[in-house]
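# Report on the structure
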Amino acid sequence: MQHEPVVRLEGVTKKVGSRTLVENVTLDIPPGQVFGFLGPNGAGKTTTIRMMVGLTSISQGDINICGYSIKEHFEKAVANVGAIVENPEMYKFLTGYQNLRHFARMMKGIDAKRIEEVVRLVGLGNRIHDKVRTYSLGMRQRLGVAQAILHRPRLLILDEPTNGLDPQGIRELRDYLRHLCRDEGTTVFVSSHLLSEMELMCDSVAIIQNGRLIDVRSLRNGNESKAEAAETGFTVDEPERALAVLEGGSREGNVITLKLARDEIPEINARLVQAGIKVYGIQTVTRSLEDQFLEMTGGDPIG
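The rules behind each value
- Residues numbered from 1 in each chain as written.
- Predicted model: local features only at pLDDT ≥ 70, side-chain atom pairs only at ≥ 80, totals over all residues.
- Heavy atoms only, no water.
- UniProt positions renumbered as here; feature names shortened; annotations may be inferred.
- Phe/Tyr/Trp six-rings, centres within 6.5 Å; stacked < 30°, edge-to-face > 60°.
- Helix = DSSP H or I, 4+ residues; strand = E, 2+ residues; numbered from the N terminus.
- Buried < 20%, exposed > 50% of the residue type's maximum accessible area, 1.4 Å probe, protein only.
- Lys, Arg positive; Asp, Glu negative; His and termini not counted.
- Salt bridge = Lys/Arg side-chain N within 4 Å of Asp/Glu carboxyl O.
- Polar contact = N/O pair within 3.5 Å; in protein donor to acceptor, adjacent residues only side chain to side chain.
- Contact = heavy atoms within 4.5 Å.
- Core = buried A, V, L, I, M, F, W, Y, C linked by side-chain atoms within 4.5 Å.

For the protein, an unreviewed UniProt entry supplies the name ABC transporter ATP-binding protein YhcH and the organism Paenibacillus cookii. What the UniProt record of the protein gives under Sequence similarities (unreviewed entry) is the line "Belongs to the ABC transporter superfamily."

Here you go:
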């Protein structure tokens, strides 16, 4: 069904000896999103990804990809997956096109037209016939993405894909991933420690700490409840008197901030105006993903 999750993790646990690397993670990844996996180094991100693609065994629980269990129907499950776990490995003495053609021979149903499609999708048309050894790191990442999506996977998994990229390379990769979701219908599951990039790139994020999933949240306002309370700032000409009229709130300069549901905002505005206080602006105060992350993890460093 259309709304069934592309990936479902059910009580997934990974133990090595007496150590528990990932503990009882349950998570649904919906279709058609760039879904972020966020956490400090050593939190269990890469271990979880390695279990998703069959590079390490699952101690307890199960992972279903497109309805197929990794444990019971591994080949059918991973047939729906394209992945880069670490850096993409390419034959540097071959051209980008020769690398893709070599990989295509190992898969069914990939023709020259499809190779041209993915080359265009990742923006390598001008350099695809150059040797890979002449590519920048960002170009090699894009060639890796092209290789991973050749067989039209429903799920693309990328583990720390922005490592080592310069700001332009990061922005290009971000644009290509969103392009993939929109034009190919691919769900992208991406781990990263770059909070600002995750905020720009992802529709939703799951946050993991010490091997445990601690939160899943949407980053797109369109999915949030209209009734949900949010920090709202009122820019006024008489902030001290505004505080007295409202009998609460906090002040920073000429801005009075209160936590309000959406339908409460016009009521507060009316009270200020009726009291003769000029209101110059009203805006929702959006906390960054970094602020939210630090609040949830108690200030644990991300890098």
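On we go from here.
Turning our eyes to something else, we now look at the packing of aromatic side chains. According to the stated counting rule, one finds 3 aromatic pairs in the structure shown. Summarising the aromatic geometry, the rings of Phe-35 and Phe-189 are spaced 6.0 Å apart at their centres and angled 20 degrees between planes, so their arrangement reads as stacked. A residue pair is termed long-range when its members are at least 10 positions apart, and Phe-35 in strand β3 (residues 34-38) and Phe-189 in strand β8 (residues 187-192) qualify at 154 residues. With a relative accessible area of 1%, Phe-35 lands in the buried category. Overall, the relative accessible area of 1% leaves Phe-189 in the buried class. Relative to Phe-189, the ring of Phe-37 has its centre 5.2 Å away and its plane inclined at 40 degrees; by these criteria the two rings are tilted. Remark: Phe-189 occurs in strand β8 and Phe-37 occurs in strand β3; sequence separation between them is 152 residues. The pair Phe-37 / Phe-189 is uniform in exposure class, with both members buried. By way of ring pairs, the aromatic residues Phe-35, Phe-37 and Phe-189 are connected into one cluster.

Bringing unusual backbone geometry into the picture now. Excluding glycine, most residues fall at negative phi; most peptide bonds, likewise, are trans. With a phi angle near 55 degrees, Cys-66 is a residue other than glycine that sits in the positive phi range. With respect to the secondary-structure elements, Cys-66 resides in the loop between β4 (60-65) and β5 (68-69). Residue Cys-66 is classed as buried on the basis of its relative accessible area of 16%. Residues other than glycine seldom take positive phi values, yet Glu-160 does so here, at roughly 50 degrees. A relative accessible area of 13% places Glu-160 in the buried class.

Time to look at the side chain of Asp-159. Mapped onto the elements, Asp-159 comes out in strand β7 (residues 155-159). No salt bridge is formed by the buried Asp-159, whose closest oppositely charged neighbour, Lys-45, lies at an N-O distance of 6.6 Å. Polar side-chain contacts of Asp-159 include one of 2.9 Å to the side chain of Thr-46. There is a polar contact of 2.6 Å between the side chain of Asp-159 and the side chain of Ser-191. In this structure, Asp-159 is in contact with Thr-46, Ile-49, Ile-84, Val-85, Glu-86 and Ser-191, ignoring residues within four places of it in sequence.

This part covers the nonpolar core. Judged by nonpolar contacts, the single largest core of 42 residues is most densely connected at Leu-100 and Leu-156. Those residues within four positions of Leu-100 in sequence are excluded, and the remaining contacts are Ile-115, Val-118, Val-119, Ile-128, Leu-143, Ala-146, Gln-147 and Leu-150. Counting residues in each nonpolar core, the second largest holds 28 residues, with Val-6, Ile-58, Cys-66 and Ile-157 among its members.

Mapped onto the secondary structure, Arg-114 falls in helix α4 (residues 112-121). Here Arg-114 falls in the buried class, since its relative accessible area comes to 1%. A distance of 3.0 Å separates a polar atom in the side chain of Arg-114 from a polar atom in the side chain of Glu-117. Within the structure, Arg-114 has its side chain in polar contact with the backbone oxygen of Leu-150 (distance 3.0 Å). Excluding anything up to four places from it in sequence, Arg-114 contacts Ile-149, Leu-150, Arg-152 and Glu-184.

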